[in-house]
Every structure is written in structure tokens, then in C-alpha cells.
Amino acid sequence: MSNEKGKIPKLFSGSLNDLTKPGKKKKEDKDLKEEKKQKTLYISLDTNRKLIELYAEEGRRQSRIVEDAVDLYYYLKKALGERKFDELMEVVKRENPELLRDYMKRFKA
């Protein structure tokens, strides 16, 4: 048997109990988790900042559209007068482009 011991390399010199014990957590694992949280937080903050900028730009764009629409509404009402403006709004509410074109042709003359 001593010959066989010499031929087979010894892989583990501890006891069988050492093999079945759960491993100790390394301190590095906790540090890596903390580092990952920080990286995620930085990415989230950066992403949030970009989203806020996009929403702000979209908000400004929509604000300009609304402002233009209000101006158009006001000046059309002033130019056409109350009765003709109400007629125009009735045609617009029908959402029929051809009908609106025909109606608008009356104003060209």
C-alpha cells in the first residue's frame, strides 16, 4: 500500500469535516457589493438627470405648441369675428379636412 500512496497525489491534507464546512465569507465580497451599489446609484442619478433634461425639453416644446395654438385661436377669433369664428370651430370639430378646405376657400375671395 505504501507504493500506492506514493503514486496517488494527495489533494487534501485536512479532515473530512473541513471539506463539509461552509466557507467563510470574505471581506472583499461585501466591499464589491457596496461598490456595485455605488456604481448603480451613479448610473441611476446620471440616467435620471438625462431623463429630466429630456422631459424639460419636451415640456418646453409642448409649451410653445400650446402657446402658438392659443395665439392662433385668439387672432382668428379677433379677425373673423364671433359668429364666423364659431362657424369655423364647428367645421373643425367635424375633423374632416376636405370640408375644412372648402370652408376656408370662402375666405380667400
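Conventions adopted
- Residues numbered from 1 in each chain as written.
- Predicted model: local features only at pLDDT ≥ 70, side-chain atom pairs only at ≥ 80, totals over all residues.
- Heavy atoms only, no water.
- Phe/Tyr/Trp six-rings, centres within 6.5 Å; stacked < 30°, edge-to-face > 60°.
- Helix = DSSP H or I, 4+ residues; strand = E, 2+ residues; numbered from the N terminus.
- Buried < 20%, exposed > 50% of the residue type's maximum accessible area, 1.4 Å probe, protein only.
- Patch = residues over 30% accessible without salt bridge, like charges linked within 9 Å, V, L, I, M, F, W, Y side chains within 5 Å.
- Areas by Shrake-Rupley, 256 points an atom, 1.4 Å probe, with all protein chains shown as cover.
- Salt bridge = Lys/Arg side-chain N within 4 Å of Asp/Glu carboxyl O.
- Expected span 1.5 Å × (residues − 1).
- Arc of directions from axis to C-beta.
- Polar contact = N/O pair within 3.5 Å; in protein donor to acceptor, adjacent residues only side chain to side chain.

(A) Structural view of the packing of aromatic side chains. Across all of its chains, the model carries 2 aromatic pairs by this definition. Plain terms: the ring middles of Tyr73 and Phe85 are 4.8 Å apart, the flat faces sit at 90° to each other, and that makes the pair edge-to-face. Placement of Tyr73 in helix α3 (residues 27-80) and of Phe85 in helix α4 (residues 82-93) is noted, with a sequence separation of 12 residues between them. Judged by its relative accessible area of 42%, Tyr73 is partly exposed. On the basis of relative accessibility, which here comes to 1%, the residue Phe85 falls in the buried class.

(B) Just a nonpolar patch on the surface, in detail. A surface patch of nonpolar side chains, amounting to about 360 Å² of accessible area, comprises Leu51, Leu54 and Tyr55. Here Leu51 shows up in helix α3. A relative accessible area of 38% means that Leu51 is categorised as partly exposed.

(C) Quick look at α4. If you check α4, its first and last C-alpha atoms are 16 Å apart, about what 12 residues at 1.5 Å a residue would give, namely 16 Å. Within the span of α4, buried status applies to Phe85, Leu88 and Val91. Here the buried residues of α4 occupy an arc of 120° about the axis, which is enough to place them on one side. For α4, the exposed residues set more than 90 degrees away from the buried face come down to Arg83 and Lys93.

(D) Molecular detail of helix α5 (residues 97-108). The first and last C-alpha atoms of α5 sit 17 Å apart over 12 residues, in line with the 16 Å expected at 1.5 Å per residue. Here α5 starts with a cap whose side-chain oxygen sits 3.1 Å from the backbone nitrogen of Glu98, and that cap is Asn96.

(E) Region of interest: the pattern of salt bridges. Counted by the stated rule, this structure contains 9 salt bridges. Asp46 is the partner of Arg49 in a salt bridge, and the nearest nitrogen-oxygen pair spans 3.9 Å. Of this pair, Arg49 and Asp46 both sit in helix α3, 3 residues apart, which is roughly one turn of the helix. Residue classification places Arg49 among the partly exposed positions, given a relative accessible area of 48%. Linking Arg61 and Glu58 is a salt bridge whose minimum nitrogen-to-oxygen distance equals 2.8 Å. Of this pair, Arg61 and Glu58 both sit in helix α3, separated by 3 residues, roughly a single helical turn. Linked by salt bridges that have partners in common, Asp46, Arg49 and Lys50 make up one network.

Geometry only, nothing functional implied.
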